[in-house]
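These are the residues of each chain, in order.
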Amino acid sequence: MTASLKSAKFSSRYKLPALGTLIFIGFIGILLTLAVYPLAEWQTISPDRFAGISLEHPLGTNALGQDIASRAEKASWHSLRIGFLVALCAGLLGVSLGLLSGWYAGRWPDTVILWLTGVMEAIPFYLFVAALAYALRQFNWSMELAMVITFWTTMARLIRAEVIRLKQRDFILSARAIGLSPGRTLTAHILPNTLPVLLVQLSMIFIAAIKAEVILSFLGLGNNSNISWGQMISESTHEVISGHYMNFVSASILLFMLIYSISLITDSLQTRSDPRQGIA
Amino acid sequence: MPIYLRKTLHSLSLLLGVTFISFLLMVYFGPDRSYAIAGKNPDTAQLEEIRQQLGYDQPFLNRYFTYIKDLASLNLGQSESNGKPVSQLLAETIPVSLMVLLPGFLVGNLLALLLAMVAAWYRHSWPDRLLTNLSLAGVSVSFLIIIILLSTWLCTPQGLNLFPSRGWRVDSLASWFTYATVPSLALIIVTVFFNLRFYRALLLDEMQQDYIRTARAYGAGPFSIMFKEALPNTLIPFLTRLLFSLPAILVSGSLLLESYFGIPGVGKVSFDAIFNADQPVLNAIVSLSAILVIVIAWLADFIYPYLDPRINLQAETP
Amino acid sequence: MNPIVSIRNLSISYPGAGARSAVKHINMDILPGQAVGLVGESGCGKTTLALALMGMLPPGCDHRGEIIISGQKVDFYQRPGQPSARDHCAMIFQNPQTSLNPVISIGTQINRIIQRYSRLKKSAIPDRLAELLMLVGLPDHCGKLYPHELSGGMQQRVLLAMALAREASILIADEPTTALDAGTRLQILNLLKQLQEKQNLSLLLISHDLSAIARVCQQVAIVYQGRIVEQAPQKLIYTQPRHPYSAGLLAAIPKIHPKRPRKLQTLLGEANHATEQSGCGFASRCPRREAYCEQQLPPLNATLEKNQHFACFNPRPLPTVRK
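Predicted model only: the values in this text are computed from it and were never measured.

Draft legend 1. The arrangement of the packing of aromatic side chains in detail. Residues and elements named next belong to chain B. Enumeration over the complete set of coordinates arrives at 20 aromatic pairs over all chains. Pairing F20 with F60 gives two aromatic rings, centres 6.0 Å apart and planes at 70 degrees, and the pair type is edge-to-face. In this pair, F20 sits in helix α1 (residues 3-28) while F60 sits in helix α4 (residues 60-72), placing the two residues 40 residues apart along the sequence. Ring plane angle 55 degrees and centroid distance 5.8 Å describe the contact between F198 and Y199, whose orientation is recorded as tilted. One aromatic cluster in this structure is built from F20, F23, F60, Y64, F65 and Y67.

Next up, the structure:
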C-alpha cells in the first residue's frame with residue numbers, strides 16, 4: 001500500500017515537468033532537424049498562393065506564396081534568440097543591482113536602486129518601447145534594449161529580498177566574521193543560495209520577452225527585417241476571415257508549445273523551492 | 001519624520017524620475033518639430049526663429065522645468081496629427097477605454113478569486129488540479145491569440161457571427177453589449193488565467209493558519225471560512241495586485257484590444273500616436289499613466305491600515 | 001453516571017512513510033462535569049486525540065475504534081459547518097496568538113460564535129458578549145480590540161470566552177498554558193478550574209505539565225508513545241504512582257523546598273518514536289526493566305486497586321503504610 005502511495009505521489013509530482021521537458025525537447029528537435037534538412041527559402045515569393053499542405057510546403061503557403069513552414073522555423077529561432085538575449089541581459093542587470101541593493105539595504109545605493117525600480121515600473125511598457133524605438137531610430141536592437149531596461153526590476157526586487165534574508169543567516173555572518181570581502185561573500189555564498197529564485201525569474205523573463213515580442217511585432221513595433229510569429233499572426237488576421245488558417249495555426253501553436261513547456265518546467269521548480277506554492 | 005510624509009516624498013521623487021525619463025525620450029531625443037512647422041524649404045533664419053519659439057535653444061534643465069510646469073498645469077499641448085488639444089483628446093477617449101476595460105477587468109478578477117477559493121478549498125484534489133493546470137496552460141496562450149480566436153468565433157461568418165468585428169457606436173446599454181462583449185470576454189479570460197494561481201496561493205497560505213483551525217473547531221462552514229475568515233486576511237495582496245495591474249491594463253491592454261477592435265479609446269489613440277510620431281499625445285499618455293501608478297501606490301499606503309489593524313502608519317518603522 | 005465522552009479502543013496513524021501510529025488502543029471515559037488530565041511528552045499523540053474528538057483529523061489518517069459523545073458517534077473527518085457530535089465540544093489551543101484571526105476584532109469573533117450557537121435575538125447579543133467577557137475576566141472594551149493588542153494571557157481568555165459562547169458541555173484544552181509566561185499560566189489555570197466548576201463542564205486538559213494537571217483535574221491519564229500507561233484519580237497518581245514512567249515524570253517536577261534541597265531527577269534517555277517495538281515502549285528507559293519487558297506488551301490492567309490502572313509487569317510497590 002505504501003509503495004502504491006509513493007508511486008502515485010511520484011507521478012503527480014513529475015508528470016507535468018516531464019511533459020514540459022518533452023515538449024521543449026521536441027520543439028528544439030524539430031528546429032535542429034530543419035537546420036540539417038533545410039526547407040525552402042522563407043523570403044521566396046511564388047505564384048503558388050495559399051497552397052495546401054504538400055511535400056514541398058509542409059504547412060502550405062501564405063498570401064504571397066511563401067513557404068509557411070520555413071517562415072515558422074525562422075520565426076522560432078527569432079523568438080528563442082530574443083528570449084535568451086533578454087533573459088540573459090535583464091537577468092544579469094537585475095541580479096547585480098539586486099545583490100548591490102540587498103547588501104547595502106537601507107543605505108544610499110539601495111535607495112537609488114529602489115527608486116530606479118519604482119520609476120521603471122511606473123512607465124507603461126509598450127509605450128516605453130515605442131518611445132525608445134523612436135529615440136534610437138538608428139539602432140537595430142531598440143526593442144530588445146527596451147525589454148532589458150524594463151524587465152530587470154522584478155529580478156532585482158526578488159534578489160534583494162533574498163540577500164536581506166540570507167544576510168542574517170549564521171553561515172553568512174561567520175563568513176563575514178572571518179574577514180571575507182563583501183564581493184566574495186556575495187558571489188560565493190549568497191548568490192548560490194538565491195539560485196532557485198533566480199532560475200524561476202529568468203525563465204519568467206524569457207517567457208515575458210517572447211510574449212511581448214509577439215505582440216510588438218503584431219502591432220508593427222518590432223524589428224521588421226526579421227520574420228516573427230507576431231508578423232505571421234498579423235498577416236493571418238486578414239486570412240482567417242477568408243478561411244486560410246495555416247499561418248495563424250502554425251504560429252500560435254509553436255508559440256504556445258514553447259511558452260507552455262517552459263511554464264511547466266518553471267512551475268515545478270517553483271513548487272519545489274516553495275512547497276506552499278509560490279506566485280504564478 | 002512621520003511615515004506618511006516620507007511616503008509622500010518618495011512618491012514625489014518617483015514622479016520626478018518618471019517625468020525626467022519621459023522628457024528625455026519624448027522631448028529631448030524626440031522628434032524635432034521645427035521642420036514640420038516651417039513647411040517646405042525653410043531658410044536657416046526661419047528655422048532658428050521657430051526653434052526659439054519652441055524653446056529648443058534653451059539649456060537642458062530649463063526645458064525640463066518648462067516641461068514639468070506644463071504637465072503640472074495640464075497644459076499638454078496639441079496633437080500633431082489632428083490639431084486637437086491633447087487634454088480634450090484624453091477626455092474623449094478615457095471614458096471609452098474605461099467602458100471597454102473596467103467591467104471585464106473587475107469581473108475577471110472576481111471570477112479568478114472565486115475559482116481560487118474553489119481550488120484552495122479542494123486543495124490537491126481534482127477541482128484544484130483541474131483549475132491550476134488549466135490556468136497554467138491558459139497563461140501560456142498569448143492575449144493576442146485569445147483575442148483572435150474569440151473574434152473569429154463570435155464575430156465572423158466563419159463562426160457564430162453574433163457581434164460586429166470592429167467599431168464602437170455606443171449610446172445605450174444594448175449597444176454597449178453589441179460592441180463591448182467580445183473585448184470584455186477576451187479580457188475576462190486573460191484576467192482569470194493570469195490571476196487564478198496567484199489568488200489560490202494567497203488563500204492556500206491563509207488556509208494553513210491556526211485561526212482557520214479555530215474557525216473550523218467553532219463550527220464555521222465553507223462559506224464562512226472563506227469569506228469571513230480567510231478573505232479579510234488576503235485583502236491587502238489582492239487589492240495590491242488589482243490596483244497595480246489597473247494602469248497596465250488601461251494602457252497596454254487597451255493598446256492591443258482597441259487597435260484590434262477599432263475602438264476609439266486611449267489605446268487606439270496611443271497606437272495612432274506611435275505610428276504618426278505624435279509626440280505630445282504619447283508624452284501625455286506616458287506621463288499620466290506613470291503618475292497614475294505612483295498615485296495608486298501612494299493611496300494604497302493610506303488604505304492598508306484600514307484593512308489590517310496591525311499596520312500603523314504613525315509608527316516609525318526601520 | 002453515564003460517561004459523556006467515551007473513547008473505545010481508538011488507534012490513529014498518520015499517512016506517509018513509516019506509517020507510525022500516533023494513538024494506540026486508547027480507552028477512556030469522561031463523566032459529565034469531570035475534569036480529566038492527559039499527560040505526556042510532546043509527540044506522544046495528545047493533540048491527535050484532541051483533533052479526533054473535534055472531528056478534525058488531517059485527511060488520509062488510518063483509524064480504528066470510535067469515540068462516542070453523548071451517544072453520538074464522532075466522524076473524524078467532519079465537514080466544516082455540518083451539525084455533528086463535535087457541537088458538544090469546544091476547544092482552546094496552545095498558541096492563542098495565532099489561533100485568533102488577526103484582522104477581525106475580538107468582539108466580532110465572539111459574536112459570530114454566539115450567533116451560530118445560541119438562539120438569542122440580535123439585540124441580546126451585545127449583552128451576552130459583555131457577560132462572556134466578564135466571565136473570563138476581561139474588561140468590556142476588549143470587544144473592540146484586535147488580537148495583536150492583547151497579551152498572551154488575554155488572548156487565551158478570549159479563546160475561553162469563545163468556548164463558552166459555543167455553549168458546549170465539553171471543553172478540550174490542548175496545552176492551554178504552554179505558550180504563556182509563568183504568572184499568567186497560573187491565572188489561566190485557575191480560571192479554567194473556576195469555569196469548569198461553575199458551568200459544570202466536562203474538561204479534557206492536555207498538557208505535558210503535571211503540576212498544571214494537578215491543579216485542575218480529578219482524573220489523570222498518562223500517555224507514553226500513544227498508549228495510556230497509567231490512569232487513576234489525581235490523588236493516587238501523585239501519591240503512589242505505579243508505572244515507572246509516571247513516577248519519573250513526578251520526580252522531574254522542580255519543587256522549591258528551602259530546608260531540603262534535592263537533586264532534580266530526570267528521565268533517562270529520550271522517547272524512541274522511530275521504531276515499532278514489540279514489547280513495552282518504555283522498556284529501554286525503564287529503571288525497573290526485566291528481560292521480558294522488551295518481548296511482551298504489558299496490558300492496561302486494573303489490579304488490586306480498582307480505580308488505578310497501569311500497564312506494567314513490574315510496577316512500583318505501594319508505599320508501606322507506617323503505623
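Draft legend 2. View of a nonpolar patch on the surface. On the surface, L85, F139, W141 and L145 of chain A cluster together into a nonpolar patch covering about 350 Å² of accessible area. For L145 of chain A, a relative accessible area of 31% translates into the label partly exposed.

Draft legend 3. Broad picture of the packing of helix α11 (residues 266-275) of chain B against helix α12 (residues 279-307) of chain B. Residues and elements named next belong to chain B. Relative orientation of the contacting elements α11 and α12 amounts to 135 degrees, with a least axis distance of 8 Å. Comparing the axis directions of α11 and α12 gives the class oblique. Regarding α11 and α12, the two cross each other, and that crossing is left-handed. Two secondary-structure elements touch here, α11 through V266, V269, S270, A273 and I274 and α12 through V281, L282 and I285.

Draft legend 4. Looking closely at the interface of chain A and chain B. The interface is formed by 47 residues belonging to chain A together with 50 residues belonging to chain B. At the boundary of chain A with chain B, total buried surface from both sides reaches about 4,000 Å², with 76% on carbon and sulfur atoms. When the buried area of chain A at its contact with chain B is split by residue, W115, L127 and L219 of chain A rank highest and sum to 15% of it. The tally of links from chain A across to chain B stands at one salt bridge. Where D267 of chain A meets R197 of chain B, a salt bridge forms, and the shortest distance between an N and an O atom there is 2.6 Å. Here chain A and chain B share four residue pairs in polar contact (both at pLDDT 80 or more) between them.

Draft legend 5. The side chain of Q34 of chain C, seen in detail. Residues and elements named next belong to chain C. Along the chain, the position of Q34 falls in the loop between β2 (21-30) and β3 (35-39). Within the local environment of Q34, its side chain forms a polar contact with the backbone nitrogen of L31, the two atoms lying 2.9 Å apart. The residues contacting Q34, other than those within four sequence positions of it, are D29, Q196, L201, S202, L203, Q218 and Q219.

Draft legend 6. The arrangement of the environment of E258 of chain B in detail. Residues and elements named next belong to chain B. Considering the arrangement of structural elements, one finds E258 in helix α10 (residues 222-261). A C-alpha to C-alpha distance of 44 Å links E258 and I212, two positions 46 residues apart in sequence. With near-sequence residues (within four places) excluded, E258 lies in contact with S97, L101, I263, G265, V266, G267 and K268.

Draft legend 7. Spatial organisation of the pattern of salt bridges. Under the defined criterion, the tally for this structure stands at 17 salt bridges over all chains. One salt bridge in this structure joins D110 of chain A and R160 of chain A, with 2.8 Å as the shortest N-O distance. Here D110 of chain A is found in helix α3 (residues 108-122), whereas its partner R160 of chain A is found in helix α5 (residues 142-167), with 50 residues between them in sequence. Residue D110 of chain A is classed as buried on the basis of its relative accessible area of 3%. A salt bridge links E167 of chain C to R128 of chain C, with the shortest nitrogen-to-oxygen separation between them at 3.6 Å. Separated by 39 residues along the polypeptide, E167 of chain C in the loop between α5 (152-165) and β7 (170-174) and R128 of chain C in helix α4 (residues 125-135) bring together distant segments of the chain. Under the relative-accessibility criterion, E167 of chain C is labelled partly exposed at 45%. Through salt bridges with shared partners, a single network forms among R128, E131 and E167 of chain C.

Analysis parameters
- Numbering of residues begins from 1 in every chain and follows the order in which that chain's sequence is written.
- Ligands are numbered from 1 and chains lettered from A, in the order in which they are written.
- With the structure being a predicted model, the display of local features is reserved for residues of pLDDT at least 70 and the display and counting of side-chain atom pairs for 80 or more, all residues being used for whole-chain, interface and lining totals.
- For side-chain calculations, the full set of non-hydrogen atoms in the structure is used, while hydrogens and water are omitted.
- Any Phe, Tyr or Trp ring, taking Trp's six-membered ring, that has another such ring centre within 6.5 Å forms a pair; planes under 30 degrees apart are called stacked, those over 60 apart edge-to-face, and the others tilted.
- Here a strand is any run of E in DSSP of at least two residues, a helix any run of H or I of at least four, and the numbering for each starts at the N terminus.
- A residue counts toward a patch only above 30% relative accessible area and without a salt bridge, and it is joined to like-charged neighbours within 9 Å or, for Val, Leu, Ile, Met, Phe, Trp and Tyr, to nonpolar neighbours within 5 Å.
- Method for areas: the Shrake-Rupley scheme with a 1.4 Å probe, in which residue coverage is limited to the protein chains shown.
- Should a side-chain nitrogen of Lys or Arg be within 4 Å of a carboxyl oxygen of Asp or Glu, the pair is scored as a salt bridge.
- Remark: exposure states derive from per-residue accessible area (1.4 Å probe, protein chains only) relative to the maximum for the residue type, with buried under 20%, exposed over 50%, and partly exposed in between.
- To obtain an axis, a line is fitted to C-alpha atoms, over the contacting stretch when the element is a helix, and the angle between two such axes runs from 0 to 180 degrees between their N-to-C directions.
- By definition in this entry, angles of less than 35 degrees are roughly parallel, angles greater than 145 are roughly antiparallel, angles of 65 to 115 are roughly perpendicular, and the rest are oblique.
- By definition, any crossing whose near helix is turned counterclockwise from its far helix by less than a right angle is left-handed, and any crossing with a clockwise turn is right-handed.
- Residues are treated as being in contact if the distance between any of their heavy atoms lies within 4.5 Å.
- A simple way to read buried area is as the amount of 1.4 Å-probe accessible surface that goes missing from two parts once joined, with both sides added.
- Here a polar contact is taken to be a pair of N or O atoms separated by no more than 3.5 Å, where protein atoms must pair a possible hydrogen donor with a possible acceptor and residues adjacent in sequence count only if both atoms sit in side chains.

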